[in-house]
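The residues making up each chain are set out below.
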Amino acid sequence: MQHTSNDLHDVVITGSGAVSPFGHGVAPLWDALVAGRSGVRTLDRQGDLWAQVPIRIGADAALDADGALGRVRAQRLDRSQQLALVAAAEAWADAGAPDVDPDRLAVVVGTGIGGIETLLDAHDELGRNGARRVSPRTVPMLMANGAAAQISIALDARAGAYTTVSACASGAEAIALGARLIRSGEADVVVAGGAEAAVTPVTMASFAQSQALAKPDGDDPTTLSRPFDAARRGFVLGEGSGLVVLERADHAAARRARVRARLAGWGITSDAFHITAPRSDGSGQERAMLQALRMAGLQGTDVDHVNAHATGTPVGDTSEAAAIARVVGTDAVVTAPKSAIGHMFGAAGAVETILTIRALETGTVPPTLNLERLDPEIDLDVVSGVARQAPMRAALNNSFGFGGQNASLLLTAA
């Protein structure tokens, strides 16, 4: 495997942070996935609106925001912003709190929906008690760029606070945009990733009505998310955040930073086909992966591992599987983390980038849960049962979203 070099700056990843159904931190998330544990559960939500939601199973984040941020600060933030700030703080500490000129430090945070919990709560408050009871902080809490802005304030990042809003590709696109800022010379360090907190009665009811959510068929919610399985029937809604610290390679070397992985390439395409359905042949997804490979100067056969988007929907999984097989062949080791953590929408690509980094670092691929019988139309080496040890030099992380948004990140070992 050979890397090509050009006049653009190489981008490395020096830190990562996450909040997931397994709590605050990358370590508990990774350990749970390697052990084959599930974060999917019956949601303990009360109220008249929740009582009307037909499916109340999800993978909500386990975070005591008051404890992590302080009660006053937490109350002034939407749930998605809370998750983002906690993950960003971990990523920044993990990177060794880089000494960087604030004018050369940027933030990019993706989200699919933004502060929807704040919006819905304010709407209800207005209806119940009138305008005087609506908080003046409502707009800063609900705006999609709120998480990026809050992180930029916390870190004194002045090279821009960007927000990518591209459905379930948002987190991965945020990381790609962060890398572009470094390669273009606009920043030396970028904190990038995604956050989502959309486990609400409205979103759950909407997805249930569209037949996108997996319907329970027993008492065990952990068996509901079944990517690549012949009996899959939809996704499970998740919640969380993942942030990484991207850094110009020579900047990281100058401060003797530990490098977790190299972001060697990325590809972003659009299907231009349908607002919710992917092209059945996976051609848009294929182009995204090929773009990432071309940028990295690699061939498909150089890819040892694929972290698949694989939400568990009937059409989505087969179209992605076909695209993966055409691009990298059938020997790469594949996993589908949404079987354990649900679909975090705008945070998914960022959290799964962190999982891909850990796979490269440890040579370990977590199992895909609930994969009892691989769909006969899928010809991939999908890890199931127990985690697998495998030498890894290069890996792809796929993220695809409503609107035909396709993002693929190519990471190589440090």
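Everything numeric here is computed off the predicted structure, so don't read it as measured data. (Residues numbered from 1 in each chain as written. Predicted model: local features only at pLDDT ≥ 70, side-chain atom pairs only at ≥ 80, totals over all residues. Heavy atoms only, no water.)

Enquirer: What is the right way to look at the packing of helix α1 (residues 26–35) against helix α15 (residues 348–362) in this model?
Expert: Helix packing for two helices is described by the angle between their axes and how far apart those axes are. Direction vectors running N to C along α1 and α15 enclose 70°, while the axes themselves pass 11 Å from each other. The angle between α1 and α15 places the two elements in the roughly perpendicular class. Contact residues: V26, L29, W30 and L33 in α1; V351, I354, L355, R358, A359 and T362 in α15. Of the residues assigned to the contact of α1 with α15, the class counts are eight nonpolar, one polar and one charged. (Axes fitted to C-alpha atoms, helices over the stretch in contact; angles between N-to-C directions. Helix = DSSP H or I, 4+ residues; strand = E, 2+ residues; numbered from the N terminus. Parallel < 35°, antiparallel > 145°, perpendicular 65-115°, else oblique. Contact = heavy atoms within 4.5 Å. Nonpolar A, V, L, I, M, F, W, Y, C, P; charged D, E, K, R; others polar.)

Enquirer: What's the story with the pairing of strand β9 (residues 240–248) in this structure? I'm lost.
Expert: Walk down a regular strand and you will see the side chains alternate between the two sheet faces. Within β9, nine of the nine residues are buried, which leaves it mostly tucked inside the rest of the structure. The alternating pattern of β9 places G240, G242, V244, L246 and R248 on one face and S241, L243, V245 and E247 on the opposite face, and all of these are buried. Where strand β1 (residues 11–20) and β9 come together, eight bridges link them in antiparallel fashion. Across the sheet, residue I13 finds its bridge partner in β9, namely L246. One ladder, built from eight bridges, connects strand β7 (residues 189–196) with β9; its direction is antiparallel. (Buried < 20%, exposed > 50% of the residue type's maximum accessible area, 1.4 Å probe, protein only. Pairing = 2+ DSSP bridges.)

Enquirer: Sorry, what's going on with the nonpolar core here?
Expert: As a rule of thumb, nonpolar side chains are buried together in soluble globular proteins. Residues I175, V190, L246, L263 and I341 are the most contacted members of the largest nonpolar core, which totals 48 residues. Beyond its immediate stretch of four places on either side in the chain, V190 contacts L105, A106, V107, V108, G178, L181, I182, V244, V245 and L246. Listed in part, the 30 residues of the second largest apolar core include V19, W92, V100 and V191. (Core = buried A, V, L, I, M, F, W, Y, C linked by side-chain atoms within 4.5 Å.)

Enquirer: Help me understand the confidence of the model for the protein chain in this model?
Expert: In low-pLDDT segments, the atomic positions of the prediction should not be examined closely. Across the protein chain, pLDDT averages 96, with 98% of residues at or above 70. In the predicted structure, residues 1–7 sits below a pLDDT of 50 and forms 15 contacts with residues beyond four places in sequence or in another chain. (pLDDT = per-residue confidence, 0-100.)

Enquirer: Explain the packing of aromatic side chains to me, please; I cannot follow it from the model alone.
Expert: For the coordinates displayed, the defined rule picks out four aromatic pairs. An angle of 75° between the planes, with centres 5.2 Å apart, marks the rings of F207 and F235 as edge-to-face. Residue F207 is located in helix α10 (residues 201–209), and its partner F235 is located in the loop between α10 and β8 (237–238); the two are separated by 28 residues in the primary sequence. For F207, a relative accessible area of 12% puts it in the buried group. Every member of this aromatic cluster is reached through a ring pair, and the members are F207, F235, F345 and F402. (Phe/Tyr/Trp six-rings, centres within 6.5 Å; stacked < 30°, edge-to-face > 60°.)

Enquirer: Is there a simple way to explain the pattern of salt bridges in this structure?
Expert: Where side chains of opposite charge bring their charged atoms close, a pairing between them can arise. Evaluated as defined, the whole model comprises 23 salt bridges. A salt bridge links E372 to R226, with the shortest nitrogen-to-oxygen separation between them at 3.2 Å. Of this pair, E372 sits in the loop between β13 (364–365) and β14 (381–382) while R226 sits in the loop between α10 and β8, and the two are 146 residues apart along the sequence. Judged by relative accessible area, E372 falls into the exposed class, the value being 69%. Look at the salt bridges and you will find they share partners, linking D94, R258, R260, R358 and E361 into a network. (Salt bridge = Lys/Arg side-chain N within 4 Å of Asp/Glu carboxyl O.)

Enquirer: Is there a simple way to think about the layout of surface pockets in this case?
Expert: The probe, sized like a water molecule, is rolled over the atoms to show the empty space still left. One number sums up the size of the largest pocket: a volume of about 650 Å³. Taken together, 35 residues line the largest pocket, and the ones lying closest to its centre are F235, T276, P278, T313 and F402. Looking at the lining of the largest pocket, the elements that each hand over two or more residues are α10, α13 (314–328), β16 (394–401) and β17 (405–413). Per element, the largest residue contribution to the lining of the largest pocket is six residues, and it comes from α13. Its residues assigned to classes, the lining of the largest pocket shows 15 nonpolar, 17 polar and three charged. (1 Å grid on protein atoms, 1.4 Å probe; cavity = no way out; pocket = protein on both sides within 12 Å on 5 of 7 lines; lining within 4 Å. Points joined across faces, edges and corners; volume = space filled by probe spheres on them.)

Enquirer: Is there a simple way to explain unusual backbone geometry in this structure?
Expert: Negative phi characterises most residues that are not glycine, and trans characterises most peptide bonds. You will see that F228, though not glycine, has its phi angle at about 70°, which is positive. Checked against the element boundaries, F228 lands in the loop between α10 and β8. Residue A310 is not a glycine yet carries a positive backbone phi of 25°. With respect to the helices and strands, the residue A310 is situated in the loop between β11 (305–307) and α13. Its relative accessible area of 1% is what places A310 among the buried residues.

Enquirer: Just to check I follow, could you spell out empty space enclosed by the protein for this structure?
Expert: Considering all chains together, one arrives at three cavities of 30 Å³ or more under this definition. Within this model, the largest cavity holds a volume of roughly 80 Å³. Lining of the largest cavity is provided by 14 residues; of these, L33, T335, P337, P366 and P367 occupy positions nearest its centre. Listing elements by their share of the lining of the largest cavity, those giving two or more residues are β11, α14 (338–341) and α15. Per-class residue counts for the lining of the largest cavity are eight nonpolar, five polar and one charged.

Enquirer: Is there a simple way to think about the pairing of β17 in this case?
Expert: Counting buried residues in β17 gives seven out of nine residues, a clear majority hidden from the surface. Summarising the sheet, strand β10 (residues 261–270) and β17 pair through nine bridges and their orientation is antiparallel. When the bridges of β17 are listed, R262 appears paired with T412. Two elements, β16 and β17, share eight bridges in a ladder whose sense is antiparallel. Each residue of the ladder has a partner; that of L396, found in β17, is L410. Taking the residues between adjacent antiparallel strands as the criterion, β16 and β17 are bridged by three residues, where G403 takes a positive phi near 95°.

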